[in-house]
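# Overview (structure and organization)
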Amino acid sequence: VEEAVLQSMREAVLEQSSKNLTKFNMQNDLRIHSLNNGVTCIDSGGNTQAGFSTGEELAILFSFISALSKVTELSVPMIVDNPTKGADQSKLDGIEGSLSSFEHQLILLIYATERNNLPNYFAPTHTNPTTFMRENESMDGTDGKIRGMFKTHYDWDTFDNYHPPVPKKAAKK
């Protein structure tokens, strides 16, 4: 009975994950084919693929976690570092839609520039912002002298207006 229940859940998670992946406009209509020993996808031509770009990996991750939560009816907390890294506009649209539909705790570790990638998600209806910066750092990034202890801000004004300085690249020798 246990094996039958687990197999049924595995099939439901696989089906729901693949369905969720359609929101991301995957190249070649990529769909999740197997979750055995990692993730394998299949494209519209029937070809399998086991390696993925960064944007594809994020889309698969969001699809899988969402499916797992739905099938088990359990809230699965999730922490994602750089949630928009490597994502083109169609993936960004899918990520934003998925994030907005998640009903479980989600912590996104983002760079200031990523705020622009998910403009409809970073709003009071979805987000409780936290900004981590140096205590003497200028908000607009014009003061290149970053000094002082780290400080955490929990307000929208800091989150929306913080533009850290872009580090200068080391000169080539």
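In the block above lies the structure referred to throughout.
Now for a look at the structure at hand. Sequence order sets the numbering: in each chain, residues are counted from 1 along the sequence as written. Where totals are concerned, whole chains, interfaces and linings use all residues; where local detail is concerned, this predicted model gives features only for residues with pLDDT of at least 70, and gives and counts side-chain atom pairs only at 80 or more. Only hydrogens and water are set aside when side-chain values are computed; all heavy atoms of the structure are taken into account.

## Quick notes on the packing of helix H2 (residues 54-72) against helix H3 (residues 89-101)
Lines fitted to C-alpha atoms define the axes here, with helix axes fitted over just the stretch in contact, and angles between the N-to-C directions of these axes take values from 0 to 180 degrees. Helix and strand assignments come from DSSP, with helices taken as H or I runs of at least 4 residues and strands as E runs of at least 2, each series counted from the N terminus. It is at 10 Å that the axes of H2 and H3 come closest, and there the two elements cross at 20°. The angle between H2 and H3 falls in the class roughly parallel. Relative to H3, the crossing made by H2 is left-handed. Where H2 approaches H3, its residues Gly55, Glu56, Ala59 and Phe62 are matched on the opposing element by Lys91, Ile95, Ser98 and Leu99. Here the word oblique covers every angle except those under 35 degrees (roughly parallel), over 145 (roughly antiparallel) and from 65 to 115 (roughly perpendicular). A crossing counts as left-handed when the near helix is turned anticlockwise from the far one by less than a right angle, and as right-handed when that turn is clockwise. Whether two residues are in contact is decided by their heavy atoms: any pair within 4.5 Å suffices.

## Here's the deal with the sheet that holds strand S2 (residues 40-42)
When DSSP finds at least two bridges between two strands, those strands are taken to pair. Within the open sheet, the 3 strands sit side by side as S1-S2-S3. Their pairing is antiparallel. For this open sheet the edge positions go to strand S1 (31-34) and strand S3 (48-49), each flanked by a neighbour on one side alone. Summarising the sheet, S2 and S3 pair through 2 bridges and their orientation is antiparallel. Paired with Ile42 across the two strands is Thr48, which belongs to S3.

## Looking at the packing of aromatic side chains
By convention here, two paired aromatic rings are described through the distance between centres and the angle between planes. Stacked, tilted and edge-to-face are the three classes assigned to paired rings of Phe, Tyr and Trp, where Trp is represented by its six-membered ring and a pair needs centres within 6.5 Å; plane angles under 30 degrees give stacked, over 60 edge-to-face, the rest tilted. Under the definition given, this model contains 4 aromatic pairs. Both rings, one in Trp156 and one in Phe159, keep their centres 5.5 Å apart while their planes meet at 85°; by these two values the pair is edge-to-face. You can see Trp156 and its partner Phe159 sitting in helix H4 (residues 156-161), 3 residues apart, about one turn around the helix. To sort residues, take the accessible area from a 1.4 Å probe on protein chains only and compare it with the maximum for the residue type: under 20% means buried, over 50% means exposed, and anything in between is partly exposed. For Trp156, a relative accessible area of 23% translates into the label partly exposed. In this structure an aromatic cluster arises from ring pairing among Tyr121, Phe122, Trp156 and Phe159. The rule for a charge over a ring is simple: NZ of Lys or CZ of Arg within 6 Å of the ring centre, and within 35 degrees of the ring normal. Residue placement shows Arg115 over the ring face of Phe159; its charged tip is 5.9 Å from the ring centre.

By themselves, these are just geometric observations and shouldn't be taken as functional.
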